[in-house]
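Residues per chain, in single letters:
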Number of protein chains: 2
Amino acid sequence: MRIALVQHAFSGDTRSMREKSSEAIERLSKEGAEIVVLQELHENRYFCINESTDNFRLADDFDEKLAFWSGVAKRSGVVLVTSLFEKRTAGLYHNTAVVFERDGSVAGKYRKMHIPDDPGFYEKFYFTPGDLGFEPIDTSAGRLGVLVCWDQWFPEAARLMALKGAEILIYPTAIGWFDEDSDEEKQKQLDSWVTIQRSHAVANGVPVVSVNRVGFERDDSGVLDGIRFWGNSFVCGSAGEFLFRASTDEIEQVIEIDMDMIKNQRDIWPFFRDRRVEYYEELQKIYIDRCEEK
Amino acid sequence: MRIALVQHAFSGDTRSMREKSSEAIERLSKEGAEIVVLQELHENRYFCINESTDNFRLADDFDEKLAFWSGVAKRSGVVLVTSLFEKRTAGLYHNTAVVFERDGSVAGKYRKMHIPDDPGFYEKFYFTPGDLGFEPIDTSAGRLGVLVCWDQWFPEAARLMALKGAEILIYPTAIGWFDEDSDEEKQKQLDSWVTIQRSHAVANGVPVVSVNRVGFERDDSGVLDGIRFWGNSFVCGSAGEFLFRASTDEIEQVIEIDMDMIKNQRDIWPFFRDRRVEYYEELQKIYIDRCEEK
């Protein structure tokens, strides 16, 4: 599987972002990419940095978005993983990854299931949690376990995708630092983020691709200075080993993944053989209070 | 919480191992340890390296084992996490972690739930999978999420302990390399092992302590040369950051953990707030076959 990562900075408006992404996809296709993964909400600045009803206009005309990215996928002849702001009806929006086949048809979509909300990342204001569950998307290049950003912190999401046969986990994401944090704090956060995603590869014996944005984006509301998106997009193999790791610069990179690694890894460390599913029912609880215990 | 790790090599017989461990516990208590964690099956060589009914005698007289380690805990005045070969009745054995209070009473026990079986680690021959579920053990030093070795590869086990209020995850373990593997392969395995356990800290916002054995143990059956246990016991904080990391030498080490880190970390990254439990039911399946899907 030849999969490409596009890690970009926001260039100022949707038109220029579309142009920049499309040109990258075309180049990567010529370099042999079968799948191209774009970062979370790649058409826009990361508007969730503050809460403003004005931003809902960015979700207008989902059909037009689909038509545009369908055309890009078809022209470049790649399976394309996009991340779009979906208006489902007035007052109901999702953070939605749409996967296009190389012929431009929609292979499937995934609506972000776990929605964050913390200072500078006000996603619960904008996005209704997804209602499509954790379903891999079948494409001509493989069965893709597409999840989005905050999902990466939840082992349950990765596991469900793998149990349904996902051959790779793909995380478009938008995560960054606040400049006022210490270097030590920044490194700790980055390291947590890399570790949890690599662990999904280890636990499930599948490769993982994570694509983040870069660059500083100001908070126009003045509450925060802004977010410095930390890039560091990466690909790891089915033992969690790095196959590629980006810096904090923009990158467009094709990575070849030997898909035999899934079977090889799972045969050596057969975790799927040994799960104690009859004891997992309580994973469906938010918390298990002491007073409820036997 | 001041928790101590005892990473030892097998010294030849149970008597000398008991002596070596007891002396370490006494020293660590004097250094201020409130909890001492021993490695998996610390009374014995790692006998699961081959299959022999002779080894079942090592499980004889569980009551005597309990009495011995109770005495050690009481004399040193520490909460003691042991890992013992439990004979429950003839032909029924478990790999059981018993936690003793500082007064020598049994605080609780945990029977290893996920049982491995691969060349050199023939645990399915020796141990029936635990039937006590994933229940933290309350002690005077905190609520301990004690799991054992192979459990470390299963995010479900860590999650259930954390959902039940475990304040720390503790893994007595016995894992090592085959000398014939390449250095690259060895590093990859070690790195996977560290990564998956650190990820349980990240996902659940709790510190993790893992205690492994060291030294080379020969396979007397002649099928394998033997296992070189890789040590590298470690402690990480609730963001997965290293607080301590051992080498491949024997170590006895007290580590202080600031337990405020749990609340601090979970308030910053509140993953427990956002789990989509209504979509987690299928975690109770071994696999989700395509033909069963909606």
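It should be emphasised that the depicted structure is a prediction, and the values quoted were computed from it without experimental measurement. (Residues numbered from 1 in each chain as written. Chains lettered and ligands numbered in written order. Predicted model: local features only at pLDDT ≥ 70, side-chain atom pairs only at ≥ 80, totals over all residues. Heavy atoms only, no water.)

Visitor: I tried to follow the relation of the copies chain A and chain B on my own but got confused; where do I start?
Guide: These two copies of the chain differ by a rotation about an axis and a displacement along the same axis. If you rotate chain A by 180 degrees and push it 0.0 Å along the axis, it lands on chain B with an RMSD of 0.0 Å. Interpreted geometrically, this transformation is the action of a two-fold axis. Looking at the interface residues of chain A, 100% of them are also at the interface in chain B, so both copies use one shared face. (Least-squares fit on C-alpha atoms with pLDDT ≥ 70 in both. Contact = heavy atoms within 4.5 Å.)

Visitor: Where do I start with the environment of Trp153 of chain B in this structure?
Guide: Residue and element names in this part refer to chain B. Looking at the secondary structure, you find Trp153 in the loop between β7 (142-146) and α4 (155-163). Judged by its relative accessible area of 1%, Trp153 falls in the buried class. It is 9.5 Å that separates the C-alpha atoms of Trp153 and His200, two residues lying 47 residues apart in sequence. (Helix = DSSP H or I, 4+ residues; strand = E, 2+ residues; numbered from the N terminus. Buried < 20%, exposed > 50% of the residue type's maximum accessible area, 1.4 Å probe, protein only.)

Visitor: What's the story with the sheet that holds strand β1 (residues 2-7) of chain B in this structure? I'm lost.
Guide: Consider a sheet: its strands pair through backbone hydrogen bonds, and that pairing is either parallel or antiparallel. Residues and elements named next belong to chain B. One open sheet holds the six strands; their spatial order is β5-β4-β3-β2-β1-β15, and the pairing between them is mixed. Sheet topology places β5 (106-111) and β15 (251-256) at the edges, where each strand pairs with a single neighbour. Each neighbouring strand pair of the sheet contributes to a mean axis angle of 30 degrees, computed without reference to strand direction. With nine bridges joining them, strand β3 (residues 79-89) and strand β4 (residues 92-100) adopt antiparallel strand pairing. Each residue of the ladder has a partner; that of Val81, found in β4, is Val99. Strand contacts of helix α1 (residues 14-30): β1, β2 (35-38), β3 and β15, with the helix running at about 30 degrees to β15, the strand carrying the most contacts. (Pairing = 2+ DSSP bridges. Axes fitted to C-alpha atoms, helices over the stretch in contact; angles between N-to-C directions.)

Visitor: Any chance you could explain the packing of α4 of chain B against helix α5 (residues 183-204) of chain B here in plain terms?
Guide: Working note: a packed helix pair is described by the angle between its axes plus the distance between those axes. All names here are of chain B. Where α4 contacts α5, the two axes come as close as 10 Å, and the packing angle between them is 40 degrees. In terms of axis orientation, α4 runs oblique to α5. Handedness of the crossing formed by α4 with α5: right-handed. Residue-level contacts link Pro155, Ala158, Arg159 and Ala162 of α4 to His200, Ala203 and Asn204 of α5. A breakdown of the residues in the contact of α4 with α5 according to their chemical character gives four nonpolar, two polar and one charged. (Parallel < 35°, antiparallel > 145°, perpendicular 65-115°, else oblique. Left-handed = near helix turned anticlockwise from the far one by under 90°. Nonpolar A, V, L, I, M, F, W, Y, C, P; charged D, E, K, R; others polar.)

Visitor: Sorry, what's going on with the pairing of β7 of chain B here?
Guide: When a strand is regular, its side chains alternate between the sheet's two faces. All names here are of chain B. Of all five residues that make up β7, five are buried, and the element is covered over most of its length. Note that strand β6 (residues 137-139) and β7 share three bridges and pair antiparallel. Along β7, the bridge assignment pairs Thr139 with Gly142. Taking the residues between adjacent antiparallel strands as the criterion, β6 and β7 are bridged by two residues. Handedness of the β-α-β unit built from β7, α4 and strand β8 (residues 168-172) comes out right-handed. (Right-handed = clockwise from strand over helix to strand, strands pointing away.)

Visitor: Explain the side chain of Arg111 of chain A to me, please; I cannot follow it from the model alone.
Guide: For Arg111 of chain A, the location among the structural elements is in strand β5 (residues 106-111). For Arg111 of chain A, the contacting residues outside a window of four places in its chain are Glu86, Arg88, His94, Asn95, Thr96, Gly130, Asp131 and Leu132 of chain A.

Visitor: Would you mind going over the pattern of salt bridges with me for this structure?
Guide: Oppositely charged side chains are able to pair whenever their charged atoms sit close together. Residues and elements named next belong to chain A. A complete count under the given rule lists 52 salt bridges over all chains for this structure. Here Lys65 and Glu43 are joined by a salt bridge, their closest N and O atoms 3.5 Å apart. Here the residue Lys65 occupies a position in helix α2 (residues 62-76), and Glu43 occupies one in the loop between β2 (35-38) and α2, the gap between them amounting to 22 residues. Note on Lys65: relative accessible area 2%, which makes it buried. (Salt bridge = Lys/Arg side-chain N within 4 Å of Asp/Glu carboxyl O.)

Visitor: Sorry if this is basic, but what is going on with the confidence of the model for chain A here?
Guide: Interpretation of this model should avoid reading the predicted coordinates in detail wherever pLDDT is low. Considering every residue of chain A, the mean pLDDT works out to 97; 99% of them sit at 70 or more. Among the prediction metrics, the complex's ipTM stands at 0.96, with pTM recorded as 0.96. (pLDDT = per-residue confidence, 0-100.)

Visitor: I would appreciate a short explanation of the side chain of Ser21 of chain A in the present structure.
Guide: All names here are of chain A. Structurally, Ser21 is set in helix α1 (residues 14-30). A relative accessible area of 1% places Ser21 in the buried class. Not counting chain neighbours up to four residues away, the residues in contact with Ser21 comprise His8, Leu38 and Trp69.

Visitor: Whenever I open this one, helix α6 (residues 260-268) of chain A confuses me. Can you help?
Guide: In an α-helix, one turn spans 3.6 residues; hence positions three or four apart end up facing the same way. All names here are of chain A. For α6, every residue scored as buried is listed here: Met261, Ile262 and Gln265. Down the axis of α6, the buried side of the element spans an arc of 105 degrees, and every buried residue falls inside it. Every exposed residue of α6 that faces more than 90 degrees away from the buried side is listed here: Asp260, Lys263 and Asp267. (Arc of directions from axis to C-beta.)

Visitor: Explanation requested: α5 of chain B in the structure shown.
Guide: Residue and element names in this part refer to chain B. The first and last C-alpha atoms of α5 sit 32 Å apart over 22 residues, in line with the 32 Å expected at 1.5 Å per residue. Within α5, 16 of the 22 residues are buried, which leaves it mostly tucked inside the rest of the structure. A positive phi of about 60 degrees marks Gly205, the residue just after α5. (Expected span 1.5 Å × (residues − 1).)

Visitor: Explanation requested: the interface of chain A and chain B in the structure shown.
Guide: Frequently, the measure chosen for interface size is the accessible area that the parts lose on association. Each side of the interface is counted separately: chain A has 58 residues, and chain B has 59 residues. The tally of links from chain A across to chain B stands at 10 salt bridges. Counting the contacts that link chain A with chain B gives 29 residue pairs in polar contact (both at pLDDT 80 or more). Secondary structure elements with two or more residues in the side of chain A that touches chain B: α4 (155-163) and α5 (183-204) of chain A. The element best represented in the side of chain A that touches chain B is α5 of chain A, accounting for 10 residues. Partitioning the side of chain A that touches chain B into residue classes produces 27 nonpolar, nine polar and 22 charged. (Polar contact = N/O pair within 3.5 Å; in protein donor to acceptor, adjacent residues only side chain to side chain.)

Visitor: Help me understand the sheet that holds strand β14 (residues 242-245) of chain B in this model?
Guide: Residue and element names in this part refer to chain B. Spatial strand order, β6-β7-β8-β10-β13-β14: six strands in an open sheet with mixed pairing. Whereas interior strands pair on both sides, the edge strands pair on one side only; in this sheet they are β6 and β14. Ignoring strand direction, the axes of neighbouring strands in this sheet form an average angle of 20 degrees. Note that β8 and strand β10 (residues 208-211) share four bridges and pair parallel. Its bridge partner being in β10, Ile170 is matched across the sheet by Val209. On top of the sheet, α5 reaches β8, β10, β13 (234-236) and β14; it is set at about 35 degrees to β13, its chief contact.

Visitor: I would appreciate a short explanation of the packing of α4 of chain A against α4 of chain B in the present structure.
Guide: Running from amino to carboxyl end, α4 of chain A crosses α4 of chain B at an angle of 145 degrees, the nearest separation of the two axes being 10 Å. Where α4 of chain A crosses over α4 of chain B, the two elements pack in a sense that is left-handed. For the pair α4 of chain A and α4 of chain B, contact is made by Pro155, Glu156 and Arg159 of chain A and by Pro155, Glu156 and Arg159 of chain B, respectively.

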